[in-house]
Amino acid sequence: PMPVAETFTFEDSTGLRLGDIAQLDTLVTVVDGSRFISELDSLESLQTRNWHADPEDQRTISHLLCDQVEFANVIVLNKCDLTASREQEKVASLIRTMNPLAKLVTSTFSTVPLETVLGTGLFSMSEAEKQEGWLQEARIGDHTPETEEYGIGSFTFRARRPFLPYKLNNVLEAMLDKSRAPFDKSIILRSKGFVWLANCPQLQGDFSLAGNHFSLLPGNPWWAEIDRSHWPENLEKAIAPLWNELHGDRQQEIVIIGQCLDKDTITQALNECLIPEDKMKQGQDVWDAICSSADDPFKDTWDTAIELAQKEAENHSHSHDHTHSHEQKCQD
């Protein structure tokens with residue numbers, strides 16, 4: 001649904017936007033309540049079901065489900081006639097945790113009052129633009145809703161030390177495996193956020209886990225890496241609570257949603273992946289040495305993603321200015 005919303009902002013060759021002649025009123029997602037949790041655990045890719053957007057679309061079924069739920073204004077929980085009441089409440093609780101601002105409607109055969117999905121005025125472009133890289137949960141903060149009755153809960157892990165890549169990978173694999181403590185009892189269904197890797201201080205890590213699949217890809221530069229003269233207006237004030245004189249805005253912030261979550265043991269497992277306290281003041285060279293002493297499970301993926309991004313940037317530059325040399329562009 002996010003790309004659908006984005007099309008309303010694109011201009012054609014005459015400068016006209018779809019948003020100039022049509023209004024996006026509501027984004028509605030219909031959820032098959034009888035299959036949602038089992039599909040969330042699926043390892044299948046979109047390509048296996050011919051659901052992919054293009055040949056390069058490597059998303060899984062579970063990632064697509066999460067994207068659709070998290071960006072919706074109205075969520076219709078359908079096929080309630082095929083779902084036991086307790087299982088239905090469990091699915092509803094998970095959906096409310098993933099998207100606490102959406103209006104949740106239950107249905108059979110997708111029959112709902114028209115006023116619940118038409119003319120609601122619930123979609124806000126300004127709010128939608130805040131979605132990049134974020135769950136609603138991350139902005140609202142931790143809470144303890146009625147979902148406790150069904151074992152569904154959430155919390156946000158935060159830290160101001162970088163992760164050691166190989167240790168973090170071991171914990172993320174354990175989350176998926178579900179056979180090693182604490183993840184044999186604390187079942188992670190969805191997680192998303194940004195991470196700081198000890199051997200890559202320039203870029204945020206864009207982390208996403210859905211069902212039985214996770215990805216950790218290079219994201220935007222940290223603001224600490226960008227000259228303040230290029231910062232948007234009022235940014236300095238907005239990020240002041242996050243700012244550290246030594247490390248800027250670099251930090252960990254990961255939303256975790258799951259069943260029977262033991263916050264303390266999960267937090268401890270993630271804390272053990274961080275650079276030790278006594279190494280923090282020793283700086284980047286020491287962190288790099290620690291990371292190089294073990295395999296970096298993310299290196300190949302990050303190198304490929306960064307290389308593709310650089311090529312796209314170069315192609316974009318070529319389309320705007322054919323007079324610069326390749327060497328000049330690389331320097332830029």
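Scroll up a little and you will see the structure.
Residues numbered from 1 in each chain as written. Predicted model: local features only at pLDDT ≥ 70, side-chain atom pairs only at ≥ 80, totals over all residues. Heavy atoms only, no water.

1. Things to note about the overall build of the chain
A tally of regular secondary structure across the chain gives 13 helices and 8 strands. Counting every position in the chain, which comprises 332 residues, the buried fraction comes to 42%. Of the accessible surface of the chain, which amounts to about 18200 Å², a share of 51% is contributed by carbon and sulfur atoms. (Helix = DSSP H or I, 4+ residues; strand = E, 2+ residues; numbered from the N terminus. Buried < 20%, exposed > 50% of the residue type's maximum accessible area, 1.4 Å probe, protein only. Areas by Shrake-Rupley, 256 points an atom, 1.4 Å probe, with all protein chains shown as cover.)

2. Brief notes about helix α5 (residues 85-98)
In a regular helix each residue adds 1.5 Å, so 14 residues correspond to 20 Å; α5 covers 20 Å between its end C-alpha atoms and thus fits that length. All of the buried residues in α5 are Gln88, Lys90, Val91, Ala92, Ser93, Leu94, Ile95, Thr97 and Met98. (Expected span 1.5 Å × (residues − 1).)

3. Concerning unusual backbone geometry
Keep in mind that most residues, glycine aside, have a negative phi and that most peptide bonds are trans. In the segment running from alanine 181 into proline 182, the intervening peptide bond is cis, with an omega of 0°. When you line up the elements, proline 182 lands in the loop between α8 (165-177) and β5 (187-197). Even without glycine at this site, asparagine 234 takes up a positive phi of about 75°. Secondary-structure assignment places asparagine 234 in the loop between β7 (213-221) and α9 (235-238). Residue asparagine 234 is classed as exposed on the basis of its relative accessible area of 59%. Its identity is not glycine, yet cysteine 260 carries a phi of approximately 55°, on the positive side. Examined against the element boundaries, cysteine 260 turns out to sit in the loop between β8 (252-259) and α10 (263-271).

4. A look at the sheet that holds strand β1 (residues 28-32)
Backbone hydrogen bonds hold the strands of a sheet together, and the pairing may be parallel or antiparallel. Spatially, 3 strands are ordered β1-β2-β3 in an open sheet, and the strand pairing comes out parallel. The open sheet is flanked by β1 and β3 (103-106), the only strands paired with a single partner. Averaged over all neighbouring strand pairs, the angle between strand axes comes to 20°, with direction disregarded. Where strand β2 (residues 74-78) lies against β3, 4 bridges are found, and the strand directions are parallel. In the strand pairing of β3, valine 76 is matched with valine 105. Its contacts with the sheet place α5 against β1, β2 and β3, and it is angled at close to 165° to β2. (Pairing = 2+ DSSP bridges. Axes fitted to C-alpha atoms, helices over the stretch in contact; angles between N-to-C directions. Contact = heavy atoms within 4.5 Å.)

5. A short note on the nonpolar core
In a soluble, globular protein the nonpolar side chains are often hidden away together inside. The biggest cluster of nonpolar side chains holds 29 residues, and the ones touching the most others in it are Phe163, Leu168, Leu197 and Leu270. At the level of elements, β4 (152-159), α8, β5, β6 (200-210), β7, β8 and α10 are the ones that each hand at least two residues to this core. Among the nonpolar cores identified, the runner-up in size contains 22 residues, and Val69, Ala72, Leu94 and Ala210 belong to it. (Core = buried A, V, L, I, M, F, W, Y, C linked by side-chain atoms within 4.5 Å.)

6. Quick word on the packing of aromatic side chains
In total, this model carries 6 aromatic pairs according to the counting rule given. The interplanar angle of 70° and the centroid separation of 6.0 Å between the aromatic rings of tryptophan 196 and tryptophan 287 together place this pair among those described as edge-to-face. With a gap of 91 residues between them, tryptophan 196 in strand β5 and tryptophan 287 in helix α11 (residues 284-292) connect regions that are remote in the sequence. Residue tryptophan 287 is classed as buried on the basis of its relative accessible area, which comes to 3%. Between phenylalanine 207 and phenylalanine 214, the aromatic rings sit 6.5 Å apart at their centres with planes inclined by 45°, giving tilted as the arrangement. Phenylalanine 207 sits in the buried class, given a relative accessible area of 3%. Residue phenylalanine 214 is classed as buried on the basis of its relative accessible area of 13%. Here a set of aromatic residues connected by ring pairs shows up, and it is made of Trp223, Trp231 and Trp243. (Phe/Tyr/Trp six-rings, centres within 6.5 Å; stacked < 30°, edge-to-face > 60°.)

7. Regarding the pattern of salt bridges
Under the criterion given, the structure shown has 11 salt bridges. For arginine 35, the salt bridge identified is with glutamate 39, shortest N-O distance 2.6 Å. Here arginine 35 falls in the partly exposed class, since its relative accessible area comes to 41%. Close ionic contact of glutamate 236 with arginine 228 constitutes a salt bridge, the shortest N to O distance being 2.9 Å. A relative accessible area of 42% means that arginine 228 is categorised as partly exposed. Overlapping salt bridges, with partners in common, bring together Glu70, Arg190 and Lys192 in one network. (Salt bridge = Lys/Arg side-chain N within 4 Å of Asp/Glu carboxyl O.)

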